[in-house]
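Overview (structure and organization)
What follows is each chain in one-letter form.
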Amino acid sequence: MISIGERINGMFTDVKNAIKNKDATVVQELAKQQTEAGATYLDINVGTEAADQLDAMKWLVEVTQEAVKTPIAIDSQKLDVIKAGLEVVKNEVMINSAQGDPETLDTYMQLAKQHNAALICLTMNKEGIPQDVDNRVAIAMTIVEKATEHGMDMDKIFIDPILLTVNVDQKQPAYMLEVFSQIKLLSDPPPHITVGLSNFSQGTKEKSLLNRTFLTMAIAAGMDTALMDVLDTDLMDAAICSEMILNKQIYSDSFLKAARQ
Ligand code: THG
């Protein structure tokens, strides 16, 4: 699967302090650890407390690139923060994320094409985040239509149906699995499907177990990407094992080791 390492995020205290003190080593260590753990992309999010978000994004991208060549996912709800990151990025890049109303998709898809970037699109629009299956799938189909209209390679489109915390509404996880299946069923070629996995267990006990169990069920339903804690070895192993069970990887007694290489 495609894994996006979540750790370079100003929501974490160590990264928040690193931004404030311009302490590159904390960020670079996280970049190296997540790369070694098998991250396909490294998410970079400045968080909410940085004094100058544009400056913080540029700095985080620059110091990360000094340490590793792993592609970066520039994570912000603000277009100008994303553009600041894109200005300094050197390698393959992903934009995280665009909202799913048609005009916003036009803007972000043009930007993605300019930078040959992958693009995460959220199933939310000006009316908010739909909590049911049908409206999420409807926005997902708008995203697919817009991508076709813009001549985007579907392999660069990642739809995120927005995973909510399990302890808030327990109907949501099953809805998400249904949304994944329907997106796969209704699109040809299909886009990638992703979520912010750690959202699922925020504020709960048993975070690792909750995340890993949802991940395996989600992979079975068609999700092929996650923004996740790649430093959680049990979680990464569960992802590898799920793909082996779905015959996306050949079984051998050393299948974990093989997948890691
Ligand atoms: N979709 C997309 N991008 C996203 C999200 C999403 N980016 C941000 C977020 N959601 C994904 N990243 C995280 C990172 C950390 C946590 C959750 C989501 C997290 N942190 C712990 C907590 O809050 O309990 C620990 C924080 C700490 O240790 O200080 O859970 O959904 N496209």
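Only a predicted model underlies this, so the values are computations on that prediction, with no experimental measurement involved.

Each value, and the rule that gives it
- Residues numbered from 1 in each chain as written.
- Predicted model: local features only at pLDDT ≥ 70, side-chain atom pairs only at ≥ 80, totals over all residues.
- Heavy atoms only, no water.
- Near = heavy atom within 4 Å.
- Polar contact = N/O pair within 3.5 Å; in protein donor to acceptor, adjacent residues only side chain to side chain.
- Areas by Shrake-Rupley, 256 points an atom, 1.4 Å probe, with all protein chains shown as cover.
- Phe/Tyr/Trp six-rings, centres within 6.5 Å; stacked < 30°, edge-to-face > 60°.
- Lys NZ or Arg CZ within 6 Å of the ring centre and 35° of its normal.
- 1 Å grid on protein atoms, 1.4 Å probe; cavity = no way out; pocket = protein on both sides within 12 Å on 5 of 7 lines; lining within 4 Å.
- Points joined across faces, edges and corners; volume = space filled by probe spheres on them.
- Nonpolar A, V, L, I, M, F, W, Y, C, P; charged D, E, K, R; others polar.
- Helix = DSSP H or I, 4+ residues; strand = E, 2+ residues; numbered from the N terminus.

What follows covers the site of the ligand. Not every one of the 14 residues close to the ligand is listed here, only the nearest: Asp 75, Asn 96, Asp 160, Asn 199 and Lys 207. Within the side chain of Asn 96, an N or O atom sits 2.8 Å from a nitrogen atom of the ligand. Within the contact set of the ligand, an oxygen atom lies 3.1 Å away from a side-chain nitrogen or oxygen of Gln 202. The fraction of the free accessible surface of the ligand (670 Å²) that becomes covered by protein chains is 75%.

On to the packing of aromatic side chains. Under the counting rule described, the total for this entry stands at 3 aromatic pairs. Three or more aromatic residues joined by ring pairs make a cluster, and in this case those are Phe 180, Phe 200 and Phe 214. The side chain of Arg 7 reaches across the aromatic face of Phe 12, ending 4.4 Å from its centre.

This part takes up the layout of surface pockets. Of the volumes computed, that of the largest pocket is approximately 1,000 Å³. Lining the largest pocket we find 41 residues, and of these Asn 9, Met 11, Asn 45, Asp 75 and Asn 199 sit closest to its centre. Looking at side-chain class alone, the lining of the largest pocket contains 14 nonpolar, 18 polar and 9 charged residues. Taken as a whole, the second largest pocket encloses approximately 310 Å³ of empty space. In terms of lining residues, the second largest pocket is bounded by 15 residues, among which Met 1, Gly 38, Ile 240, Ala 259 and Arg 260 are the most central. Residue assignment for the lining of the second largest pocket shows that the elements contributing at least two residues are α9 (233-245) and α10 (255-260).

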